[in-house]
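# Tertiary structure, described
What follows is the residue order along each chain.
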Amino acid sequence: MKWLGACIILIASFWIGLEQSRKLSERPRQLRMLKSALKSFEAEIVFGYTPLHESSRKLSERLPSPIADIFSSFAVLLTTSEMDAKEAWKQSVAAVWPRTALKPSEYDILVEFGETLGRYDRQTEQKHILLALTHIERCEEEAIEKQRRYESMLKSLSVLGGLLLILLLF
């Protein structure tokens, strides 16, 4: 019976480590998707002269979740409510945020980006998109560095923590 408990503790601790390392690897992936989405958004708005709701809908069809959900929600809010683009963007980001692996600094970047949506001409919108892209690239570099530095350590420490717990209990 003790061995069964020890195995369960070891498996659970290993699973916790895998889950934490998955979150570390998910963040750079989502930042890359967000960067790609903003570049596509820029092309749709600046070069395609596409309205915000239409370009958001198109992006949501091409992107994987949860980033696609932000643009999908944004398009729906723009077409079905009387909200301006700033409020619709802020609500969309806030609604999808718990399902992302992003940090609060990225939330602030996205909300700040939304402050300018639909308020300026195409060239100014493009400048704000490029500013957001610059911030996201910096966050992506930081996320990749954290992943490289801590991913394998989390897995190892979780197994070692489980072994320590087993030793303390026996």
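Just above sits the structure.
Cut-offs used in this document
- Residues numbered from 1 in each chain as written.
- Predicted model: local features only at pLDDT ≥ 70, side-chain atom pairs only at ≥ 80, totals over all residues.
- Heavy atoms only, no water.
- Helix = DSSP H or I, 4+ residues; strand = E, 2+ residues; numbered from the N terminus.
- Buried < 20%, exposed > 50% of the residue type's maximum accessible area, 1.4 Å probe, protein only.
- Lys, Arg positive; Asp, Glu negative; His and termini not counted.
- Salt bridge = Lys/Arg side-chain N within 4 Å of Asp/Glu carboxyl O.
- Contact = heavy atoms within 4.5 Å.
- Axes fitted to C-alpha atoms, helices over the stretch in contact; angles between N-to-C directions.
- Parallel < 35°, antiparallel > 145°, perpendicular 65-115°, else oblique.
- Nonpolar A, V, L, I, M, F, W, Y, C, P; charged D, E, K, R; others polar.
- Core = buried A, V, L, I, M, F, W, Y, C linked by side-chain atoms within 4.5 Å.
- Expected span 1.5 Å × (residues − 1).

Tracing the backbone shows glutamate 125 in helix α6 (residues 122–169). We note that glutamate 125 is buried and unpaired, the nearest opposite charge coming from arginine 119 at a distance of 8.1 Å. When sequence neighbours within four positions are dropped, the list of residues in contact with glutamate 125 reads Thr116, Leu117, Gly118, Arg119 and Tyr120.

What follows covers the packing of helix α1 (residues 2–47) against helix α5 (residues 104–114). Running from N to C, α1 and α5 cross one another at 10°; their axes reach a closest spacing of 13 Å. For the element pair α1 / α5, the angle class is roughly parallel. Note on element contacts: α5 touches α1 through Glu106, Leu110 and Phe113, opposite Arg27, Leu31, Leu34, Leu38 and Phe41. By residue class, the composition of the contact of α1 with α5 is six nonpolar, no polar and two charged.

The biggest cluster of nonpolar side chains holds 33 residues, and the ones touching the most others in it are Phe41, Phe71, Phe74, Trp89, Phe113 and Leu117. Elements represented by at least two residues in this core include exactly α1, α2 (52–62), α3 (67–80), α4 (85–96), α5 and α6. A total of seven residues in this core trace back to one element, the largest contributor, which is α1. Every residue in contact with phenylalanine 74, bar those within four places of it in the chain, is listed here: Phe41, Leu52, Ser56, Ala85, Ala88, Trp89, Ser92 and Leu117.

This brings us to α1. Between its terminal C-alpha atoms α1 stretches 67 Å, which fits the 68 Å expected from 46 residues at 1.5 Å a residue. Backbone geometry just downstream of α1 places tyrosine 49 in the positive-phi region, at approximately 50°.

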